[in-house]
Amino acid sequence: MNNDISRRISHELNIGGVKIGGSNPIAIQSMTNTRTDDVKATIEQINRLAKAGCDIIRCAVPDFKAAEAIKEIKKGISLPLVADIHFDYKLAIAAIKNGADKIRINPGNIGGEEKVRAVVEEAIKHDIPIRVGVNSGSLEKKYLEKYGKVTPEALVESAMGQVRILEKMDFHNIVISIKASDVMTSVKAHELISGMTDHPLHVGITETGSLIGGNIKSAVGIGIIIHEGIGDTIRVSLTADPIEEVRSAKHILRSLGLINSGIEVVSCPTCGRTRIDLIGLEAKVEELAKEYEDLDIKIAVMGCAVNGPGEAREADIGIAGGIGEGLIFSHGNVIKKVPEEGLLLALKEQLDALKNM
Ligand code: SF4
């Protein structure tokens, strides 16, 4: 792969068959937004996410119906499932007993040592990791008072406090996450914590917002952190269909040269030579590409036949617009001329042919 990233070597651990840390690839996570107790809808969403490239899925477990549902959900999915628990240690235990492959809980807020110990014992019995950590919105009052506001140091001190509670119980199967909504606070916090522990780090920027704003903040934040060699799993948090989170995560990792699989659509910015509705065509190609997410190829959508095929020489398959007609090309070589209205269909035929190879 074409990257110069020297990764921080973290402790390797296993989340339901997906190994993270060590020299394992950075895993992509997302979170369902179905009701977890709606087993059918949750399974459907998880399987769509898996197809899009998600490696690990997290589900909210707000009550015992959701904890119970894990048992059925697990029968219909292949991804490791992380149960997201707030405050109630009994829910954590129920989630583990029902097959959760990892739980996310903060030992500092579940009500005392005995309750934490009960969760830890269950995690040991089932050999599953616990993710602990903090995000800027839920930073404990004592750290806000000590530092005056959310700072990288405050986030790290809080997260390490959670870690120490588990380590004191001789539990080391730990993933840490520290998320801030401010990009550079997040970056600094990861830089600080990366030298303090070898537990794997789950990286993300929290409360980023909508598709455009959220993607930009996540790409900058996660991009910097991963480029510094820090991070073992990532999640792009978006107020959008979780499928978009997975697609964005893949874009980030691909941009850093950390993955070279999956379908990628590239397109030219258009210019005065463009004679077709390239913006509309590109949107249609993006939609079409979603049906071929398991192909490992690059598709190019270019505005003109004069420069398009040459500029997109790296593309496995491309279309270039002309006046009333366009070209289908592969690695810069023209395959055929097609009337403009037939370009999309011709591209689909090429993709079908690649899929059936
Ligand atoms: Fe302009 Fe053609 Fe290049 Fe697109 S491919 S930017 S239309 S020259």
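See the structure shown above.
The model shown is predicted, which means the values in this text are computed figures rather than measured ones.

Cut-off values and rules
- Residues numbered from 1 in each chain as written.
- Predicted model: local features only at pLDDT ≥ 70, side-chain atom pairs only at ≥ 80, totals over all residues.
- Heavy atoms only, no water.
- Helix = DSSP H or I, 4+ residues; strand = E, 2+ residues; numbered from the N terminus.
- Axes fitted to C-alpha atoms, helices over the stretch in contact; angles between N-to-C directions.
- Parallel < 35°, antiparallel > 145°, perpendicular 65-115°, else oblique.
- Contact = heavy atoms within 4.5 Å.
- Nonpolar A, V, L, I, M, F, W, Y, C, P; charged D, E, K, R; others polar.
- Left-handed = near helix turned anticlockwise from the far one by under 90°.
- Buried < 20%, exposed > 50% of the residue type's maximum accessible area, 1.4 Å probe, protein only.
- Pairing = 2+ DSSP bridges.
- Right-handed = clockwise from strand over helix to strand, strands pointing away.

1. A look at unusual backbone geometry
Residues apart from glycine generally show negative phi values, whereas peptide bonds are mostly found in trans.
Right, on to step 1. Even without being a glycine, F87 presents a positive backbone phi close to 75 degrees.
Right, on to step 2. Relative to the assigned elements, F87 resides in the loop between β5 (81-84) and α3 (89-97).
Right, on to step 3. We note that D127 has phi near 55 degrees; this positive angle belongs to a residue other than glycine.
Right, on to step 4. Summarising the element assignment, D127 is placed in the loop between α4 (113-126) and β7 (130-135).

2. A look at the packing of α3 against α4
Right, on to step 1. The contact between α3 and α4 brings their axes to 9 Å, and the two run at 5 degrees. With respect to their mutual orientation, α3 and α4 come out roughly parallel. Here Y89, A92, I93, I96 and K97 of α3 come into contact with α4, specifically with K115, A118, V119, E122, A123 and H126.
Right, on to step 2. Taken together, the residues of the contact of α3 with α4 sort by class into seven nonpolar, one polar and three charged.

3. Observations regarding the packing of helix α8 (residues 211-227) against helix α9 (residues 242-255)
Right, on to step 1. Closest axis-to-axis distance for the α8/α9 pair is 10 Å, and the angle between their directions is 40 degrees. By the angle class used here, α8 and α9 are oblique. In this structure, the crossing between α8 and α9 has a hand that is right-handed. On the side of α8, the interface is formed by L211, N215, S218, A219, I222 and G223, while α9 contributes E244, S248 and I252.
Right, on to step 2. Within the contact of α8 with α9, the residues separate by chemical class into four nonpolar, four polar and one charged.

4. Considering the pairing of strand β4 (residues 56-60)
Right, on to step 1. The buried count for β4 comes to four of five residues, which makes it a mostly enclosed element.
Right, on to step 2. Across three bridges, strand β3 (residues 27-31) lies against β4 in parallel orientation. Across the sheet, residue Q29 finds its bridge partner in β4, namely I56.
Right, on to step 3. After leaving β3, the chain enters helix α1 (residues 39-52) and then returns to the sheet as β4, a path that is right-handed.
Right, on to step 4. The parallel pair β4 and β5, bridged by helix α2 (residues 64-75), forms a crossover whose chirality is right-handed.

5. With respect to the sheet that holds strand β15 (residues 333-339)
Right, on to step 1. Spatial ordering of the open sheet is given by β11-β12-β13-β14-β15, a layout of five strands whose pairing is mixed. Since the sheet does not close on itself, it has two edges, and those belong to β11 (264-267) and β15, each with one partner. Looking at each pair of strands side by side, their axes are set apart by 20 degrees on average, direction ignored.
Right, on to step 2. As judged from the four bridges shared by strand β13 (residues 317-321) and strand β14 (residues 325-330), these two strands associate in the antiparallel manner. Within β14, the position partnered with A320 by the bridge is L327.
Right, on to step 3. Relative to the sheet, helix α10 (residues 278-289) contacts β11, β12 (298-302) and β13, its axis offset from that of β12 by approximately 165 degrees.
Right, on to step 4. Across the sheet, helix α12 (residues 343-355) touches β12, β13, β14 and β15, and the angle it forms with β15 is around 135 degrees.

6. Describing the environment of A41
Right, on to step 1. The residue A41 is located in helix α1 in this model.
Right, on to step 2. As a C-alpha pair, A41 and I73 span 32 residues in sequence and 9.6 Å in three-dimensional space.

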